[in-house]
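# Topology and contacts: notes
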Amino acid sequence: MGTPEERVDAGVADAVTLLLDARGRLLSWPAAAERLLGRRAADVLGTPAVDLLVPEDAACTREIAERCCAEGGWTGVLRLRRDDGRKVTLGVRVAGLPEGIGGSPVRWMVLAAESGSTARSMASGMTFTMLERIVGQTPIGLAVVDTELRCVWSNAALERFGGGPSQARRGRRLAEIQPGLNALVLEAQMRQVLETGVPVIDYEHVGRFRTGPRREQAHSMSFVRLEDARGVPVGVCYSVIDISDRWRARKRLSLLDRASEHLGRTLDVMHTAQDLADVVVPDLADYVAVELLESVIKGAEPQAGRLGEAVTVPLRRAGMRSARQGEPPPAFGLGAVSAYQEDTPPIRCLTDGTSWLGARLDPLGLEWAAGTSGGRALHFGELGMHTAMVVPIRARGVTLGVTLFFRVRRAEPFDEEDLRLAEEVVGRAAVCLDNARRYTRERDAALVLQRSLLPHAFPPQDAVEVATYYGPADELSSVGGDWFDVIPLSGARVALVVGEVVGHGIEAAAAMGRLRTAVRTLADLDLPPEELLAHLDDLVVQVSREAGESAATGVGGSSLGSTCLYVTYDPVSRHCVMASAGHPPPAVLRPPSSRGGAEDGAAVRFPELSVGPALGLGGLPFEATELRLEEGSVLALYTDGLVAPAEGADDVHDGRSRLRAALEAGDAPLDALCGRVVRELAPARPHDDVALLLARTRGLGTGRVVSWDLPTDPAVVGRARELSSRQLADWGLGELAFTTELVVSELVTNAIRHGSGPIRLRLILERALICEVSDASSTSPHLRHPRTTDEGGRGLFLISQFAQRWGTRYTDDGKIIWAEQFLDGQGPEGGGAGVGFDAITLAEPG
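Residues numbered from 1 in each chain as written. Predicted model: local features only at pLDDT ≥ 70, side-chain atom pairs only at ≥ 80, totals over all residues. Heavy atoms only, no water.

So, about the sheet that holds strand β10 (residues 287–293). Taken together, the six strands give an open sheet; going across it, the order is β12-β11-β10-β15-β14-β13, and neighbouring strands pair in antiparallel fashion. Each edge of the open sheet carries a strand with a single partner, namely β12 (337–338) and β13 (356–358). As paired elements, strand β11 (residues 315–322) and β12 share two bridges and run antiparallel to each other. Directly across from R316, in β12, lies its bridge partner V337. (Pairing = 2+ DSSP bridges. Helix = DSSP H or I, 4+ residues; strand = E, 2+ residues; numbered from the N terminus.)

Here you go:
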């Protein structure tokens, strides 16, 4: 049979059944108990059952007894002491019996087993009890609904999500348990699980699940189908987990992420302010207004630090957004001046630089705005506003304005968490607004400088009709140094100039001003185009060397690498001479009368111009190209910004093709043609400056130009005076006969005395009467101031006194000395048929 220890070690499949009275004393002790624990019945009957337990488990008997009394039983695992001191672990189930059954004192029945099927049954019972305890103590709400979606069971934790206790839920559907909840959506999830058997895990639902603070709550819900032993669906078990804190944190992060994405996309103050309002509505507030100081919008420097209480500063509505259009009606329109009552939250926040939170606005309180368009101040209740925040816009220690937040449709008031979020978003926007303000100041300064250096009106002249356009780049970093100019030259000629400075910003504009001044100075010397560019190149090299610049310093606005196209046109000979320093050639539009007879049949052509190196880079010399233009031809000089390749194109030929098409589109007045070219080629928001100069050539008829070849004989001076006087009479300019005879006499005399033959006298009638005397000598005359005892040397001095302009220009055959006498009303400020200020178009920024 073996020893008792061997029988215990082998294990016993029999269950032990014990009976206890109401005080827990043993009333029975079967043989199975004796075999299991090695104790005789005589030793244990009538003794407390707790004496059989090990001390650790015996200490838990009070809790077990309470559970038995409250729930009618208990299931678990206990450790008992054998008679030899060894411990035995048993699965135990305690069941209550009706008191006084059959007149017996038995109150409790205990079923215990160590192994076998009964032990597995005990383990199963233990698991159910543990699960029951978990279900009762877990913070996760749990419920079971039947196939009709009626509640059949729920745990205590579900009460925290609203709907009442478990007893009140039974037999009712979700819409009946919690009216106002979006039950249709949740029941649709349940039906889907019932039909498919596929669980729905972590379904996020946002609503107001419970009473208390009127805040939206977020919950993660999971739905699982319940089946019987045959696999037939009997209902759905669903769980509810409160994730409101996580959901609100995610919303805050999402709002901040959206703010980072949208704020700062533009360097326009008004656009940035509107972006701020757009970002926070409707996620944070139902209505937002952004009020900025007037100086901020203009790009000026606001007052540093906090604004004093006595300081009155104008605010302007720079941005606003409402969750619903027109609700509430705005007190001030976008861009309007905003006025607020004294000692109201906007004014206090503006002056002291701290935020203000109004969790509950007085419905009878008047709105803060002063001087509203309706004439009568409205109550907050009339506007529907019940909670508000005011956050100052501060960046780098400077107050730029305030932002007002209101809730109208959302019931929950603002709290400290909302205020912190608003302050963080406004703080990010404040930096962007300050950057935009600084950008506005710098860009306006660059544009003012650039515009001041561009011609506002061209000097009157008859050689060409001119129309121009200048559009600054959209971004400050791209505001460059493009320029154009029209310079009257001697002999009724005119110079057309267009150029582009490397680099951007104020430095580039200043470099452009230096180059433009240098070009005008060199043009006064009547140099040929290629020589003028050579001198300009030397000047750029010298200035850059003194400044320590290099070709790589384009960002700062260096003159090195700048481009320039210089064109001269003579209306008498209709010859056009041009030279380029790294600049693209002009387009030439033939006049309508000659397009059919053109050899290549094209109305627009680009001359074969030898393009030299950019200024200051050295290398090849500059070369000139000469053309003969028909009267009415249009020269189009432009910068790279106009012919930049369109999106998808890979080179500048695309821009030239589009320019050709725009010029060929039809005959129109020059200013209309200029506008059409700009509309079709210039981008709406250009990344580079756009400059365009159109010049329609004119010709001086033979009746306005006369010339004579004269011998190198002093006697011919009188003849020259006579010829000049007769021609002035034919032109109706007899009043200029005396001064003209004097000028002609001195010029011819100087040519005979100091020059060499042949001598040629030419008179040109344009806006001035031009007298020219040419000879084969290249010696340069000098203006002298003779002493009273000198017998000569007064010729050029007399000419300078009677002529308004005079000078010398050199030709391949010698030189020409010329003098101009302005006609009445045709001086430098005179009127006439020339193009004035209205032909110059300067585009507004953006």
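Attention shifts here to the environment of F332. As for its position among the elements, F332 is in the loop between β11 and β12. Classification of F332 as buried rests on a relative accessible area of 7%. The sequence separation of F332 and A289 amounts to 43 residues, and the corresponding C-alpha distance is 9.4 Å. Those residues within four positions of F332 in sequence are excluded, and the remaining contacts are E291, R317, M320, V337, S338, A339, Y340, A369 and A370. (Buried < 20%, exposed > 50% of the residue type's maximum accessible area, 1.4 Å probe, protein only. Contact = heavy atoms within 4.5 Å.)

Under the counting rule described, the total for this entry stands at 35 salt bridges. For D462, the salt bridge goes to R704, with nearest N and O atoms at 3.5 Å. Remark: R704 occurs in the loop between β26 (690–697) and β27 (705–710) and D462 occurs in the loop between α15 (416–453) and β16 (464–471); sequence separation between them is 242 residues. Overall, D462 belongs to the buried group, its relative accessible area being 16%. Close ionic contact of D485 with R516 constitutes a salt bridge, the shortest N to O distance being 3.0 Å. One end of the pair, D485, is in strand β17 (residues 483–488); the other, R516, is in helix α16 (residues 505–523), with 31 residues separating them in the sequence. (Salt bridge = Lys/Arg side-chain N within 4 Å of Asp/Glu carboxyl O.)

Attention shifts here to the packing of helix α20 (residues 716–731) against helix α21 (residues 737–754). At a minimum axis distance of 9 Å, the contact between α20 and α21 shows a crossing angle of 145 degrees. Between α20 and α21 lies a crossing whose hand is right-handed. Between α20, through V716, V717, A720, R721, S724, S725 and L728, and α21, the contact on the second element is made entirely by A737, T740, E741, V744, S745, V748, T749 and I752. Class assignment of the residues belonging to the contact of α20 with α21 gives a composition of eight nonpolar, five polar and two charged. (Axes fitted to C-alpha atoms, helices over the stretch in contact; angles between N-to-C directions. Left-handed = near helix turned anticlockwise from the far one by under 90°. Nonpolar A, V, L, I, M, F, W, Y, C, P; charged D, E, K, R; others polar.)

Once that is clear, we can look at the packing of helix α10 (residues 244–262) against helix α11 (residues 269–280). The geometry of α10 relative to α11 is characterised by a closest axis approach of 10 Å and an angle of 155 degrees between their N-to-C directions. Comparing the axis directions of α10 and α11 gives the class roughly antiparallel. Crossing of α10 over α11 shows right-handed handedness. For the pair α10 and α11, the contacting residues are L255, R258, A259 and H262 in the first and D275, V279 and V280 in the second. A class-by-class count of the residues in the contact of α10 with α11 yields four nonpolar, one polar and two charged. (Parallel < 35°, antiparallel > 145°, perpendicular 65-115°, else oblique.)

Let's shift gears to the sheet that holds β27. Strand order in the open sheet made by the five strands is β27-β28-β29-β31-β30, with antiparallel pairing throughout. For this open sheet the edge positions go to β27 and β30 (805–811), each flanked by a neighbour on one side alone. Neighbour-to-neighbour, the strand axes of the sheet open up by a mean angle of 15 degrees, direction not taken into account. Bridging between β27 and strand β28 (residues 759–765) involves six bridges; their strand directions are antiparallel. Its bridge partner being in β28, L710 is matched across the sheet by I759. The strands that α21 touches are β27, β28, β29 (768–775) and β31 (814–822); relative to β29, the one it contacts most, it runs at about 15 degrees.

Grouped together as the largest cluster of nonpolar side chains are 57 residues, with contacts concentrated most on L292, W368, F405 and F406. The greatest single-element share of this core, amounting to 10 residues, is contributed by α15. Not counting residues within four places of it along the chain, the set of residues in contact with L292 comprises V269, A273, I297, P314, L315, R316, A318, I393, L400, G401 and L433. Judged by nonpolar contacts, the second largest core, of 51 residues, contains F484, A508, L536 and A691. (Core = buried A, V, L, I, M, F, W, Y, C linked by side-chain atoms within 4.5 Å.)

Take the side chain of Q217 next. Considering the arrangement of structural elements, one finds Q217 in strand β8 (residues 217–227). Classification of Q217 as buried rests on a relative accessible area of 9%. For Q217, the side chain forms a polar contact with the side chain of S244, separated by 2.8 Å. (Polar contact = N/O pair within 3.5 Å; in protein donor to acceptor, adjacent residues only side chain to side chain.)

In this section: helix α17 (residues 529–547). Its 19 residues give α17 an end-to-end C-alpha distance of 27 Å, which sits within 8% of 27 Å, the value for a rise of 1.5 Å per residue. Taken as a whole, α17 has its buried residues at P529, L532, L533, L536, D537, V540 and S544. For α17, the angular spread of buried residues about the axis comes to 140 degrees, placing them on one side. Of the exposed residues in α17, those oriented more than 90 degrees away from the buried face are R545 and E546. (Expected span 1.5 Å × (residues − 1). Arc of directions from axis to C-beta.)

The next subject is the environment of P139. For P139, the position within the fold is in the loop between α6 (116–137) and β5 (141–146). P139 gets classed as exposed once you look at its relative accessible area, which sits at 57%. Excluding anything up to four places from it in sequence, P139 contacts A157, R160 and F161.

Once that is clear, we can look at the packing of aromatic side chains. Centre distance and the angle of the planes are the two values used to describe a pair of aromatic rings. Summed over all chains, the structure comprises seven aromatic pairs. Where Y287 meets F406, the ring centres are 6.2 Å apart and the plane angle is 40 degrees; that geometry is what we call tilted. Of this pair, Y287 sits in strand β10 while F406 sits in strand β15 (residues 398–407), and the two are 119 residues apart along the sequence. F406 carries the same exposure label as Y287, and that label is buried. With a centroid separation of 5.5 Å and 85 degrees between ring planes, the pair formed by W356 and W368 is classed as edge-to-face. Of the two residues, W356 is situated in strand β13 and W368 in the loop between β13 and α14 (380–383); the sequence distance between them amounts to 12 residues. The exposure class of W356 is partly exposed, given its relative accessible area of 22%. (Phe/Tyr/Trp six-rings, centres within 6.5 Å; stacked < 30°, edge-to-face > 60°.)

It is worth spelling out the pairing of β5 at this point. Every regular strand shows the same layout, with side chains that alternate between the two sheet faces. Counted residue by residue, β5 has five buried out of six residues, so it is predominantly covered. For β5 and strand β9 (residues 233–242), the ladder comprises six bridges, and the chain directions are antiparallel. Note on β9: the bridge partner recorded for V144 is C237. In terms of strand pairing, β5 meets strand β6 (residues 151–154) through three bridges, oriented antiparallel. Residue A143 lies in a different strand from β6, and its bridge partner there is S154. Hairpin connection between β5 and β6: a loop of four residues separates the two successive antiparallel strands, and L149 in this loop has a positive phi of roughly 65 degrees.

It is worth spelling out unusual backbone geometry at this point. Omega for the bond connecting V281 with P282 falls within 30 degrees of zero, at 10 degrees, which places this linkage in the cis form. With respect to the helices and strands, P282 occurs in the loop between α11 and β10. The phi torsion at L149 lies on the positive side, around 65 degrees, for a residue other than glycine. Within the secondary structure layout, L149 lies in the loop between β5 and β6. Classification of L149 as buried rests on a relative accessible area of 4%. For A492, which is not a glycine, the phi torsion comes out positive at approximately 70 degrees. Within the element layout of this structure, A492 appears in the loop between β17 and β18 (494–500).

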